[in-house]
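Next come the chains, spelled out residue by residue.
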Amino acid sequence: MTGIQILYLNREEFVRFFNMNGEVPMAIKYRWVAERLELMIERQIQKGIHKLPTEQELCGRYRVSRQTVRTALKLLEQKGLIAGKQGSGYYITGRSAKPQGNVIGILISSDQEYIYPGVITDIRSILSPAGFTDRVFTTDNSVSREREILLSLLKNPLRGLIVEGSKSALPNPNLDLYRRLMKTGCRLVFLFNYYPALPDCLCVKDDNYYGSTLLVQYLAAQGHREIGGIFKADDLQGAERYQGYMEAMRDLGLPLSDERVCWYGSRELDRLLHSRDTRFLRNMVTDCLSGCTAVVCYNDIIAYYLVDELLLAGYELPSGMAIAAFDNTYFSNSDVLTVTTLSHQPHEMGTRAAEAMIRQLSGLPVSSQE
């Protein structure tokens, strides 16, 4: 015969598996209960329930003693699947029993430049103590590169994915892959931006609209009326910062002029960072900003390189052109000029994204944040 095994037990082996009354001993019972609880945990997470039933309820459900239940719970606690709180009960941690099941992906534009190394470090500082590891994937803000990564992840889905969307202001052709990934149980948290076509996904981002409003109000309070703007065209942040800028100008009764709004894309940014190609900024200075006394920049990178182009064009800074920007990084504190910048609390974005991921995996209530 194939596929069938007959197990013969001698008396000693029989006693090892069964007690004299023919009952399953606790050594087997608690493992059986632990297996049932692992299945329950998966269902609880899907339903957004993060607390296990009481010991008494578990005893009644599985018809076992309290000692058996406690031993099973202790086993799951040792695996890191639950955590006990004295006087409160046991709560789901969000971790998986499988060693490879506790990996969180970080899908981000870069891991080398600007704010990204710090953000990745902040994410790790939250994930690691909670028992999760990470894998970083860089897209260079490329939709095609994003698709390659998602296709590879579908072969071996991760527990979760913290995502900075690629060219998030544009329709994205990779939504089908994100939806397929979500069906595998992979949880998503978007960072800095999001895809409007995935409305049920969590997002941690800046309040870009209000940020631009504050910058325009600040410049107007300094007496500036002719305020230009430089925004990134293919990322959602650019569209939101543009909207805040334009509506603040309108509400303050300042001149609205399309000619004073400058746009650039990922290609220009890539050339700027890797080849120091500032021609697009040079054109902005002559074509858009010639009648301005102040400018709101998309971020500190643009503000930093804009300073050089303004100086080459003969501007005296800051008297000839006041510069305001987002992010407050090392770029905004050059030897030439200190740029007025907005920033959030240190370490805020990365830690919030990681905390949102852990709460989601644990079945805890969590909502998008900005």
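Thresholds applied
- Residues numbered from 1 in each chain as written.
- Predicted model: local features only at pLDDT ≥ 70, side-chain atom pairs only at ≥ 80, totals over all residues.
- Heavy atoms only, no water.
- Helix = DSSP H or I, 4+ residues; strand = E, 2+ residues; numbered from the N terminus.
- Buried < 20%, exposed > 50% of the residue type's maximum accessible area, 1.4 Å probe, protein only.
- Polar contact = N/O pair within 3.5 Å; in protein donor to acceptor, adjacent residues only side chain to side chain.
- Contact = heavy atoms within 4.5 Å.
- Axes fitted to C-alpha atoms, helices over the stretch in contact; angles between N-to-C directions.
- Parallel < 35°, antiparallel > 145°, perpendicular 65-115°, else oblique.
- Left-handed = near helix turned anticlockwise from the far one by under 90°.
- Nonpolar A, V, L, I, M, F, W, Y, C, P; charged D, E, K, R; others polar.
- Pairing = 2+ DSSP bridges.
- Salt bridge = Lys/Arg side-chain N within 4 Å of Asp/Glu carboxyl O.
- Right-handed = clockwise from strand over helix to strand, strands pointing away.

Caption draft 1: Fine view of the side chain of Asn-172. Tracing the chain through its elements places Asn-172 in the loop between β5 (160–163) and α7 (175–183). The buried category is assigned to Asn-172, whose relative accessible area is 10%. Side-chain polar atoms of Asn-172 contact the backbone nitrogen of Asn-174, separated by 2.6 Å. Only 3.0 Å separates the side chain of Asn-172 from the side chain of Tyr-195, close enough to count as a polar contact. Setting aside residues no more than four positions away along its own chain, Asn-172 makes contact with Val-143, Glu-146, Ser-166 and Tyr-195.

Caption draft 2: Representation of the packing of helix α10 (residues 266–275) against helix α12 (residues 300–312). Running from amino to carboxyl end, α10 crosses α12 at an angle of 60°, the nearest separation of the two axes being 12 Å. When the axes of α10 and α12 are compared, the pair comes out oblique. At the point where α10 passes α12, the crossing takes the left-handed sense. Residues Leu-269, Leu-272 and Leu-273 of α10 form the contact with α12, whose own contacting residues are Ile-301, Ile-302 and Tyr-305. Here the contact of α10 with α12 is composed, by residue class, of six nonpolar, no polar and no charged.

Caption draft 3: Broad picture of the sheet that holds strand β3 (residues 103–108). The five strands lie next to each other as β4-β3-β5-β6-β7, forming an open sheet whose pairing is parallel. Both outer strands of the open sheet, β4 (133–138) and β7 (202–204), are each paired with one neighbouring strand and no more. When strand polarity is set aside, the average angle formed by the axes of neighbouring strands in this sheet is 20°. In the sheet, β5 pairs with strand β6 (residues 187–191) via four bridges, with the strands oriented parallel. Bridging across to β6, Ile-162 finds its partner in Val-189. Helix-sheet contacts for helix α6 (residues 143–155) involve β3, β4 and β5, and the interaxial angle to β4 is about 145°.

Caption draft 4: Expanded view of the pairing of strand β1 (residues 82–85). As paired elements, β1 and strand β2 (residues 89–92) share four bridges and run antiparallel to each other. Residue pairing in the sheet places Ala-83 in a bridge with Tyr-91 of β2.

Caption draft 5: Just the pattern of salt bridges, in detail. If you walk through the whole model with that rule in mind, you get 18 salt bridges. One salt bridge connects Arg-66 with Glu-55, and the closest N-O pair in it is separated by 3.8 Å. Of this pair, Arg-66 sits in helix α4 (residues 66–78) while Glu-55 is found in helix α3 (residues 55–62), placing the two residues eleven residues apart along the sequence. Glu-148 is the salt-bridge partner of Arg-145, the closest N and O atoms lying 3.2 Å from each other. One end of the pair is Arg-145 and the other is Glu-148, both in helix α6 and three residues apart, which spans about a single turn. Judged by relative accessible area, which is 34%, Arg-145 ranks as partly exposed. Taking the relative accessible area as the measure of exposure, Glu-148 reaches 48% and is therefore partly exposed.

Caption draft 6: Looking closely at the pairing of strand β11 (residues 322–326). The buried count for β11 comes to five of five residues, which makes it a mostly enclosed element. Of the two faces of β11, the one holding Ala-322, Ala-324 and Phe-326 and the one holding Ile-323 and Ala-325 are both buried throughout. Where strand β10 (residues 294–297) meets β11, three bridges bridge the pair, whose relative direction is parallel. Its bridge partner being in β11, Val-296 is matched across the sheet by Ala-324. The parallel pair β10 and β11, bridged by α12, forms a crossover whose chirality is right-handed.

Caption draft 7: A look at the sheet that holds strand β9 (residues 261–264). With respect to topology, five strands assemble into an open sheet ordered β9-β8-β10-β11-β12, the strand pairing being parallel. At either margin of the open sheet sits one strand with a lone partner, and together these are β9 and β12 (340–342). In this sheet, neighbouring strand axes are inclined to one another by 15° on average, regardless of whether the strands run parallel or antiparallel. Here helix α9 (residues 236–251) sits on the sheet in contact with β8 (227–232), β9, β10 and β11, set at roughly 165° to β8.

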